[in-house]
Amino acid sequence: MGNHLDHTLARYGDLAVRVALNLQPGQRLLIVGPLANGGCSLEAAPLVRCITESAYKAGASFVETLWGDEALQLARFKYAPRDSFEQCSSWFADALTEHVHAGHAVLSVYANDPDLLKDQPPELLGAVQKSVSRAVRPFRDHVSKNGTNWSVIAAASKGWAARVFPNLPPGEQMDALWAAIAKLVRLDRPDPVAAWEEHLAALAARRDVLNARRYAALRYRGPGTELTLGLAPGHQWVSGRSTSLQGIAFAPNLPTEEVFTMPHRDQVDGTVTSTKPLSYGGTLIEDFSVTFEKGRVVQVTAARGERVLRELVATDEGAARLGEVALVPHNSPVAQSGLLFYNTLFDENAASHLALGSAYKFTIAGGEGMSDDAFEQAGGNRSATHVDFMIGSSELDIDAVHADGTVEPLMRRGDWAMAVGT
Ligand code: ZN
Ligand code: ZN
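What you are looking at is a predicted structure, and each value in this text was computed from that prediction instead of being measured. (Residues numbered from 1 in each chain as written. Chains lettered and ligands numbered in written order. Predicted model: local features only at pLDDT ≥ 70, side-chain atom pairs only at ≥ 80, totals over all residues. Heavy atoms only, no water.)

Across its full length, the protein carries 13 helices and 21 strands. In terms of overall dimensions, the protein is globule-like: its C-alpha atoms have a radius of gyration of 20 Å, near the 22 Å expected for 422 residues. In terms of overall dimensions, the protein has a C-alpha envelope of 55 × 55 × 45 Å along the principal axes. Taking all 422 residues of the protein together, the buried fraction comes to 59%. A sequence separation of at least 24 residues applies to 75% of the contacts in the protein between residues at least 6 apart. Accessible area of the protein: about 16700 Å², with a carbon and sulfur share of 50%. Between the centroid of the 38 positive side chains of the protein and the centroid of its 49 negative side chains there is a distance of 1 Å. (Helix = DSSP H or I, 4+ residues; strand = E, 2+ residues; numbered from the N terminus. Rg over C-alpha atoms; globule rule 2.2 N^0.38 Å. Buried < 20%, exposed > 50% of the residue type's maximum accessible area, 1.4 Å probe, protein only. Contact = heavy atoms within 4.5 Å. Areas by Shrake-Rupley, 256 points an atom, 1.4 Å probe, with all protein chains shown as cover. Lys, Arg positive; Asp, Glu negative; His and termini not counted. Charge placed at Lys NZ, Arg CZ, Asp CG, Glu CD.)

Before going further, it helps to examine the coordination of the zinc ion (ligand 1). Each angle at a metal carrying four tetrahedral donors should ideally be 109.5 degrees, and each at a metal carrying six octahedral donors should ideally be 90 or 180 degrees. The protein atoms that coordinate the zinc ion (ligand 1) are E258 (OE), E324 (OE), E348 (OE) and H353 (NE2), at distances of 2.0 to 2.4 Å. Within one chain, the residues serving as donors to the zinc ion (ligand 1) are arranged as E-x65-E-x23-E-x4-H. (Donors = N, O, S within 2.8 Å, 3.2 Å for Na, K, Ca; no water.)

Attention now moves to the packing of aromatic side chains. Counted according to the given criterion, the structure contains eleven aromatic pairs. Here W150 and F250 contribute two aromatic rings whose centre-to-centre distance is 6.1 Å and whose plane-to-plane angle is 55°, an arrangement assigned as tilted. Of this pair, W150 sits in strand β6 (residues 150-154) while F250 is found in strand β10 (residues 249-250), placing the two residues 100 residues apart along the sequence. Each member of the pair, W150 as well as F250, is classed as buried. Consider the rings of F260 and F362, whose centres lie 6.3 Å apart with planes at 75°: the pair is edge-to-face. You can see F260 sitting in strand β11 (residues 259-261) and its partner F362 sitting in the loop between β17 (353-357) and α13 (372-377), a full 102 residues away along the chain. Take F260: its relative accessible area is 9%, and that puts it in the buried class. Under the relative-accessibility criterion, F362 is labelled buried at 10%. The ring of W196 has R186 sitting right over it, with the charged end atom 4.8 Å from the ring centre. (Phe/Tyr/Trp six-rings, centres within 6.5 Å; stacked < 30°, edge-to-face > 60°. Lys NZ or Arg CZ within 6 Å of the ring centre and 35° of its normal.)

Only E324 (OE), H386 (NE2), D388 (OD) and D388 (OD) from the protein reach the zinc ion (ligand 2) as donors, at distances of 2.0 to 2.4 Å. What the four donor atoms of the zinc ion (ligand 2) show is an angle range of 54 to 142° at the metal, which sorts the shape as irregular. Look at where the donors of the zinc ion (ligand 2) fall in the sequence and you get E-x61-H-x1-D. Taken as a pair, the zinc ion (ligand 2) and the zinc ion (ligand 1) show a spacing of 3.5 Å, with E324 coordinating each metal. One end of the pair, E324, is in strand β16 (residues 322-327); the other, H386, is in strand β18 (residues 386-390), and 62 residues separate them in sequence. For the pair formed by E324 and H386, the shared burial category is buried. (Tetrahedral: all angles 85-135°; square planar, octahedral: opposite > 155°, others 65-115°.)

A few words on the environment of H7. Of note, H7 is situated in helix α1 (residues 3-21). A C-alpha to C-alpha distance of 45 Å links H7 and T301, two positions 294 residues apart in sequence.

For helix α8 (residues 170-184), with 15 residues, the first-to-last C-alpha span of 22 Å sits near the 21 Å given by 1.5 Å per residue. Of all the positions in α8, only Q173, A176, L177, W178, A180, I181, A182 and L184 are classed as buried. (Expected span 1.5 Å × (residues − 1).)

Further remarks concern the domain arrangement of the protein. We note that the domain assignment places domain 1 (3-184) and domain 2 (212-241 + 250-416) within the protein. For domain 1 versus domain 2, the distance between C-alpha centres works out to 23 Å. Across the contact, 39 residues belong to domain 1 and 37 residues belong to domain 2. Here domain 1 packs against domain 2, burying approximately 3400 Å² in sum over the two surfaces, 61% of which is carbon and sulfur. Linking domain 1 with domain 2 are two salt bridges. One salt bridge in this structure joins E123 and R307, with 2.9 Å as the shortest N-O distance. The interface formed by domain 1 and domain 2 holds nine residue pairs in polar contact (both at pLDDT 80 or more) in total. When residues of the side of domain 1 that touches domain 2 are traced back to their parent elements, those giving at least two are α1, α5 (122-135), α6 (137-144), β6, α7 (158-164) and α8. Element by element, the count of residues in the side of domain 1 that touches domain 2 is highest for α5, at eight residues. A breakdown of the residues in the side of domain 1 that touches domain 2 according to their chemical character gives 21 nonpolar, nine polar and nine charged. (Domains from an automatic or database assignment. Buried area = accessible area lost by both parts, 1.4 Å probe. Salt bridge = Lys/Arg side-chain N within 4 Å of Asp/Glu carboxyl O. Polar contact = N/O pair within 3.5 Å; in protein donor to acceptor, adjacent residues only side chain to side chain. Nonpolar A, V, L, I, M, F, W, Y, C, P; charged D, E, K, R; others polar.)

As structure tokens, this is what we get:
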């Protein structure tokens with residue numbers, strides 16, 4: 001795409017700095033990739049350079065990047081001693097934690113091949129995920145409290161593009177993926193920053209209606225799905241824009257189409273079936289169902305990746321419970337693209353989803369000030385992990401249940417059943 005792509009990347013860099021992070025003059029910025037990969041993919045370098053320029057133009061005092069490389073990761077799986085996969089350097093986690101504790105901004109740029117590690121032993125994948133999750137927990141906890149402004153965006157990469165567009169000639173796959181990403185982050189609009197302001201305001205209006213209703217539970221019905229989940233008193237619906245403890249309004253994900261809150265950790269019962277593959281730790285988990293009793297996973301089945309799913313659920317006590325419930329209409333632009341991205345950042349915005357693992361403290365009133373124990377008492381789940389999986393489709397109906405038992409339709413055939421605002 002040549003000049004056209006250069007132009008797109010420059011606009012994307014601006015969007016990341018101005019809307020996603022809302023980077024403040026004088027702030028420092030650290031750019032990273034998926035933490036289990038050790039850093040930001042070298043394939044994202046052209047975008048990272050644009051982000052760095054935009055950040056300095058916005059007044060950043062210092063911009064740094066932690067680089068990683070998938071080829072190096074593959075080499076580890078191929079040749080490293082089998083008993084070495086729990087190793088993880090403390091400097092890595094310490095650097096991240098020190099950075100966010102100082103109030104600096106963090107941007108994650110995902111450009112990974114969802115199938116990179118598909119032939120690797122699940123127990124080794126599990127060991128890496130587990131050790132990294134544990135090591136970076138202080139960082140994740142601080143970010144989950146919105147202790148600073150942070151965001152996640154994506155960049156195209158060859159391996160990922162080949163997965164999303166398997167039927168295109170290899171020479172056209174990267175351009176196709178860049179075009180898809182550009183459209184879904186609204187870079188095709190005349191003024192992407194203004195387009196995002198408008199979209200974020202519409203999501204906020206939906207969030208406000210849900211918060212005013214104070215639902216006690218949600219009931220899901222769809223193929224392979226019959227699930228009830230309780231909402232804790234004080235639960236807060238959250239949409240695309242958050243505010244950091246320093247008062248900076250930022251958008252944690254681009255794209256974002258969801259409104260979400262936390263389920264009560266002990267009040268999830270029934271079975272839910274995935275509607276999209278889950279890309280987790282470099283492998284895919286497909287066609288899976290999870291059954292809950294009193295909030296806890298009691299059974300999992302998967303057509304592919306069942307062992308990895310079991311490893312995930314066994315990460316720690318909280319990994320077998322839910323920490324997030326998110327609603328995304330089937331008419332969202334990501335769903336309408338008809339593409340399967342094998343990347344949670346995009347696929348979670350194409351479908352209503354749930355997350356196994358930790359709940360965000362900001363999804364309950366006063367949560368940021370709660371001790372871990374108080375948060376758990378209030379129904380919040382705690383875990384070293386947080387993994388979204390997609391359950392929405394045009395066949396999913398959701399009812400909302402009030403505390404007095406009355407029921408109202410919330411979503412029908414995957415789209416909102418209630419109007420907002422007008
Ligand atoms: Zn989500
Ligand atoms: Zn999530």
